[in-house]
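Topology and contacts: notes
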Amino acid sequence: MRERLRVVAPYVVVLVAAGVFYVIATRFDYTPHPARLGPDIWPRAILVLIAGVCVFRILTALRAPRDEGPGGGVLQDVLGNAPPVRDAQPEPDERFPGLLALGIAITIAYVWLLGVLGFALASALYVGAMIRVGRYRRWRVIVPTALLGSLAFMFVFQKIVYLSLPIGQTPFDTVSLTLMRLMGIR
Amino acid sequence: MLEVAQHLAGGFVDVVQPANALALAVGLVVGMLVAVLPGLTLVMGVVLALPFTYGMPITPSIILLTAMYISGTYGGAITSILFRIPGEPMDVPLLWDGWSMAHAGDPARALGWTLFAAATGGLITATVMVTLAVPFAKVALSFDSPEYFAIVLFGFTSVVTLGGGSLANALISLFVGMLLSTVGVDEIYGVDRFTFGVAMLRDGIGYLPVMVGAYGLGEVLVRLEQGFASAPLSGNAKVKTRIPTLAEAWKIRMTFLRASIVGVVCGIIPGAGATIASFVSYGIEGQYGKRRALLGTGIAEGIVAPQVSSTASVGGHMVPLLTLGIPGSGATAVILGAFLLHGVQPGPQIFQTQSALVYAIFASTFVAVLGMCALGYFAIRPLVKVLYLPEAIVSVFVIMFCLIGAYSEHNNLTDLWMIVVFGVVGYLFERFRFPIAPMVLGAILGPVAETAFQTSMISYANDWTVFFTRPVSGAVMLLSAIALLYPFYTRARRKRAVAVGRP
């Protein structure tokens, strides 16, 4: 039963979401035009299809949880008949959900900090932090990589590509503006 | 034909202009580097290069991206053969015979066959592209919205049914992508759809954030959860290449022919990309090859078939992009984005309005194939050196490129939130075994499908049978139905085989 629930859970979530979005789609505010389909028809059709596939999958999974149903034809055929030397690098067994959560949190913080600290400072911190989170421990490599990497990005994108990167808020904008002056970026 | 040759000659003159030649060279090197690095896919590479093209004229921009696309179909083969690490999913079939041949003590020969195959596939695809594009464009001029709708629908069904994995998951992924493309202000009624009062959603969700987030950040998050635990390099450190003789190649000419046809056809079908071409070609070799019983033991046919097909698919993909304005893959969607950013809409008229540009692209394909071969032959040693970079460092720079690439489109920090959201969505898709490619294709082609559908309904008084009664759209709709039913047929066949005790 537990296995069935585990298999079915993602489809139930998608089915519920499709239902919610369908209701929202029925409430689009527009003036109907005679002899023309409304702007809700296309999304509603898509949502009905999503719901249909989910229901089909839930029913088949409840009957036989390990059976994924019909699969992609050609690749499945080729992989099924592949020669013995078939695996590339084996999938690592160990998982690190903590690292994943930390990586996502740091990335969210980076996007938020870009507007506050400016590109140079925020990127240096982000690059250093992410490399460390990625289980690389040599600080003598991490620190110069973070600093030089951030400056290199700034130089390439601002000086060569003419992209206007965030300079941050006071007092951090002073750092960005000083670096830009030193690099000859106007 | 003479006119095409004249235009093509003009294209070659354009390609050797310094800016275009530089773009070509950079595209080849970067495309190969991207393909060599596992975890950094060809599509991601093309996406990451897009912001660099904003300030460039259109011709070098498209040449840069096309060159990356071509060389990207070859670079990953090197690591498959030498280190048993496929740089791209399309290089997996090369493990079966390429790695086996290298492991048996002949890596130089395996690399030589790959290079020869990529060159052949590339030159064939360039020739086919030049030959097919003009007649294709002429036919496309007669297409109306039902034909466009049918073609896009065929792309949807092929990406769903040709790829591996569960059909239900692929369908859900596709529909999610299509639904994402409906967010924003509706074009016909000017109505907000799924915007929830958020200003940034009124502009819609472009396919770039979906692609960059799901392919780029999502993939890095998956690898981060595994602790960036790429296995240490092991294998053949010898990086010499021995090109096969013409006599050796002639012996397996039918493999070259079959693989070229498969590559071009898979390229033309929207949704079926280089990876599918590579696998299908290997499968066909297993069915019809003279030495099919020896496949997997390290024979040339097992290297040639997937490599020729994956490179040959590039030209196939460019044909619908240039003649119909329909991108059939992630990489061509990015190239379409570059066209649109420069104010050029690909389609049947482009051969009249921008013929110099089109033929410069054609000519650059020929030059790119030759450049790719030279690079693959002479620069293989420094290329494989990038594999020794720590994965954590490479990955964080990939994320940086993803974020800056997204930011550069509108110079707006809110776009970065989209990347983060789709990065997490991409991770969840990978985790729960929902393929990402259908979602991306749904996001790319969803608006094309909806517009074609709505226009057809307006033009033909809501008569939905128009999709089936017009000859071209009817035939394509039939193909879609066949493609959709194929997995059910193969499943029934497998079940029957199991029931009678056959493998």
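Being a predicted model, the structure only gives us computed values, none of them experimental.

**Comments concerning the overall build of chain B**
- Of the regular secondary structure elements, chain B holds 23 helices and two strands.
- Against the 2.2 N^0.38 benchmark of 23 Å for 503 residues, chain B shows a C-alpha radius of gyration of 22 Å, consistent with a compact globule.
- A principal-axis box enclosing the C-alpha atoms of chain B has dimensions of 65 × 60 × 55 Å.
- Looking at chain B as a whole, 64% of its 503 residues qualify as buried.
- Residue pairs in contact within chain B that sit at least 24 positions apart in sequence constitute 77% of those at least 6 positions apart.
- Roughly 18,200 Å² of accessible area belongs to chain B as shown, and the carbon and sulfur atoms make up 67% of that amount.
- One way to put it: in chain B the 26 positive side-chain charges average out to a point 17 Å from where the 23 negative ones average out.

**Considering the layout of surface pockets**
Residue and element names in this part refer to chain B.
- Of the volumes computed, that of the second largest pocket is approximately 1,300 Å³.
- In terms of lining residues, the second largest pocket is bounded by 50 residues, among which Glu187, Ile205, Gly206, Tyr207 and Pro447 are the most central.
- Going through the elements one at a time, β1 (184-185), α9 (199-202), α10 (207-225), α15 (330-341), α19 (391-410), α20 (414-431) and α21 (436-459) are the ones with two or more residues in the lining of the second largest pocket.
- Broken down by element, the lining of the second largest pocket gets its largest block of residues, eight residues, from α21.

**Here's the deal with unusual backbone geometry**
- At the junction of Thr170 of chain A and Pro171 of chain A, the peptide bond is cis and its omega measures out at 5 degrees in the coordinates.
- Phi at Phe196 of chain B is positive, roughly 55 degrees, even though this residue is not glycine.
- Locating Phe196 of chain B in the fold gives a position in the loop between β2 (192-193) and α9.
- When its relative accessible area of 52% is taken as the criterion, Phe196 of chain B is described as exposed.
- For Arg433 of chain B, which is not glycine, the phi dihedral falls at a positive 60 degrees.
- Relative to the helices and strands, Arg433 of chain B resides in the loop between α20 and α21.

**Focus on the interface of chain B and chain A**
- Contact with chain B, which involves 88 residues of that partner, is made by 83 residues of chain A.
- Along the contact surface separating chain B from chain A lie one salt bridge.
- Of the charged contacts, one joins Glu225 of chain B and Arg95 of chain A as a salt bridge, the two residues approaching to 3.3 Å between their closest N and O atoms.
- With 11 residues, the top contributor of residues to the side of chain B that touches chain A is α19 of chain B.
- Counted by class, the side of chain B that touches chain A contains 59 nonpolar, 18 polar and 11 charged residues.

**Examining the nonpolar core**
- Phe119 of chain A together with Trp113, Met211, Phe339, Phe362 and Met372 of chain B are the most contacted members of the largest nonpolar core, which has 212 residues in total.
- Among the nonpolar cores identified, the runner-up in size contains seven residues, and Leu95, Phe279, Leu295 and Ile299 of chain B belong to it.

**Quick word on the environment of Leu115 of chain B**
Residues and elements named next belong to chain B.
- Residue placement: Leu115 occurs in helix α6 (residues 107-140).
- Each C-alpha atom of the pair Leu115 and Ile404 lies 34 Å from the other, and the pair is 289 residues apart in sequence.
- The residues touching Leu115, leaving out its near neighbours within four places in the chain, are Tyr74, Thr241, Ile243, Cys373, Gly376 and Tyr377.

**Some details on the packing of aromatic side chains**
- The final tally for this structure, using the stated rule, is 25 aromatic pairs over all chains.
- For the ring pair Tyr30 of chain A and Tyr189 of chain B, a centre distance of 5.2 Å and an interplane angle of 75 degrees mean the geometry is edge-to-face. With Tyr30 of chain A in the loop between α1 (2-26) and α2 (41-63) and Tyr189 of chain B in the loop between β1 and β2, the pair connects residues from two separate chains.
- A relative accessible area of 25% means that Tyr30 of chain A is categorised as partly exposed.
- Three or more aromatic residues joined by ring pairs make a cluster, and in this case those are Phe21 and Phe28 of chain A together with Phe194 and Phe196 of chain B.

**Observations regarding the pattern of salt bridges**
- Overall, the coordinates contain 12 salt bridges over all chains when judged by the stated rule.
- The closest approach of N and O atoms between Arg109 of chain B and Asp106 of chain B, which form a salt bridge, is 3.5 Å.
- Overlapping salt bridges bring together Arg95 of chain A together with Glu225 and Arg431 of chain B as one network.

**Re α10 of chain B**
Residue and element names in this part refer to chain B.
- Here α10 contains 19 residues, and its C-alpha end-to-end distance of 26 Å stays within 8% of the 27 Å for a straight helix at 1.5 Å per residue.
- Where α10 bends most, the angle comes to about 30 degrees, and this point is Gly218.
- The buried count for α10 comes to 18 of 19 residues, which makes it a mostly enclosed element.

**Side note on a nonpolar patch on the surface**
Residues and elements named next belong to chain B.
- On the surface, Leu22, Val26, Val29 and Val30 cluster together into a nonpolar patch covering about 300 Å² of accessible area.
- Its location among the elements puts Val30 in helix α2 (residues 18-36).
- The class for Val30 is partly exposed, based on a relative accessible area of 33%.

**Quick look at α15 of chain B**
All names here are of chain B.
- Here α15 spans 17 Å end to end across 12 residues, near enough to the 16 Å set by a 1.5 Å rise per residue.
- Among the 12 residues that make up α15, 10 are buried, leaving the element largely enclosed by the rest of the structure.
- Among the residues of α15, Gly330, Ala331, Thr332, Ala333, Val334, Ile335, Leu336, Gly337, Ala338 and Phe339 are the ones counted as buried.
- Remark: Gly343 follows α15 within two positions and exhibits a positive phi of approximately 80 degrees.

**Some remarks on the packing of helix α4 (residues 58-83) of chain B against α6 of chain B**
Residue and element names in this part refer to chain B.
- For the pair α4 and α6, interaxial distance at closest approach is 10 Å and the crossing angle is 160 degrees. Looking at the two axes, α4 sits roughly antiparallel to α6. Two packed elements cross with a definite hand, and for α4 against α6 that hand is right-handed. Across the interface between the two elements, Tyr74, Ala77, Ile78, Ile81 and Leu82 of α4 pack against Pro107, Ala110, Leu111, Thr114, Leu115 and Ala118 of α6.

**Things to note about the side chain of Ser364 of chain B**
- Within the secondary structure, Ser364 of chain B is located in helix α17 (residues 355-378).
- Here Ser364 of chain B is in contact with Val15, Leu24 and Ile63 of chain B, once residues within four sequence places are set aside.

**Some words on the packing of α4 of chain B against α15 of chain B**
Residue and element names in this part refer to chain B.
- In the contact formed by α4 and α15, the axes pass within 10 Å of each other and the chain directions differ by 175 degrees. In terms of axis orientation, α4 runs roughly antiparallel to α15. Within the contact between the two elements, α4 uses Ile58, Ile62, Leu65, Thr66 and Tyr69 and α15 uses Ala331, Thr332, Val334, Ile335, Ala338 and Phe339.
- A per-class count over the contact of α4 with α15 returns nine nonpolar, two polar and no charged.

**Quick word on empty space enclosed by the protein**
- One pass over the full model with this rule turns up three cavities of 30 Å³ or more.
- Lining the largest cavity are Val47, Leu50, Pro51, Tyr54, Leu208, Pro209, Val212, Gly405, Ala406, Glu409 and Asp415 of chain B.
- When residues of the lining of the largest cavity are traced back to their parent elements, those giving at least two are α3 (42-53), α10 and α19 of chain B.
- Size it by volume and the second largest cavity reaches roughly 50 Å³.
- In terms of lining, the second largest cavity is formed by Tyr110, Leu114, Phe119, Leu165 and Pro166 of chain A together with Leu403, Ile404, Tyr407, Leu413 and Leu416 of chain B.
- Of all elements in the fold, only α4 (97-117) of chain A together with α19 of chain B reach the threshold of two or more residues within the lining of the second largest cavity.
- In terms of residue class, the lining of the second largest cavity is made up of 10 nonpolar, no polar and no charged.

What counts, and where the lines are drawn
Once a new chain begins, its residue numbering starts again from 1 and follows that chain's sequence as written. Here every chain gets a letter starting at A, and every ligand a number starting at 1, in the order they are written. Since the coordinates come from a predicted model, pLDDT governs what is reported: local features require at least 70, and pairs of side-chain atoms require 80 or more to be given and counted, while whole-chain, interface and lining totals use all residues. The basis for every side-chain value is the complete set of non-hydrogen atoms in the structure, without hydrogens or water. Counting from the N terminus, the helices are DSSP H or I runs at least four residues long and the strands are E runs at least two residues long. Within these notes, the globule rule equals 2.2 Å times the number of residues to the 0.38 power, and the radius of gyration is based on C-alpha atoms. Note on classification: 1.4 Å probe, protein chains only; a residue is buried when its accessible area is under 20% of the maximum for its type, exposed when over 50%, partly exposed between these limits. Contact definition: two residues touch when any of their heavy atoms are within 4.5 Å. All accessible areas in this document rest on Shrake-Rupley with a 1.4 Å probe, and a residue is counted as covered only by the protein chains that are shown. His is not counted here, nor are the chain ends, while Lys and Arg score as positive and Asp and Glu score as negative. All charge positions are set by atom: Lys at NZ, Arg at CZ, Asp at CG, Glu at CD. In this analysis, the protein atoms alone were mapped onto a 1 Å grid. Cavities are point sets where a 1.4 Å probe fits without being able to get out; pockets are open sets with protein on both sides within 12 Å along at least five of seven lines; lining residues have an atom within 4 Å of a point. Grid points are joined across faces, edges and corners, and a volume is the space filled by probe spheres set on the points. A pairing counts as a salt bridge when a side-chain nitrogen of Lys or Arg comes within 4 Å of a carboxyl oxygen of Asp or Glu. By the convention adopted, Pro, Cys, Tyr, Trp, Phe, Met, Ile, Leu, Val and Ala count as nonpolar, Lys, Arg, Asp and Glu as charged, and the other residues, Gly among them, as polar. For the purposes of this section, nonpolar cores are sets of buried Ala, Val, Leu, Ile, Met, Phe, Trp, Tyr and Cys residues that join through side-chain atoms within 4.5 Å. Aromatic contacts are taken between Phe, Tyr and Trp rings whose centres are within 6.5 Å, Trp giving its six-membered ring; a plane angle under 30 degrees counts as stacked, one over 60 as edge-to-face, and the others as tilted. Each helix should span, by expectation, one fewer than its residue count multiplied by 1.5 Å. Here the bend at a residue is taken as the angle between two axes, fitted respectively to the seven residues that end there and the seven that start there. Patches here: salt-bridge-free residues with over 30% relative accessible area, like charges joined within 9 Å, nonpolar side chains (Val, Leu, Ile, Met, Phe, Trp, Tyr) joined within 5 Å. Note on geometry: axes are lines fitted to C-alpha atoms, helical ones only across the stretch in contact, with angles between N-to-C directions running from 0 to 180 degrees. When describing relative orientation, an angle under 35 degrees is termed roughly parallel and one over 145 degrees roughly antiparallel, while 65 to 115 degrees is termed roughly perpendicular and anything else oblique. Note: crossing handedness is left-handed where the near helix turns anticlockwise from the far helix by less than a right angle, and right-handed where it turns clockwise.

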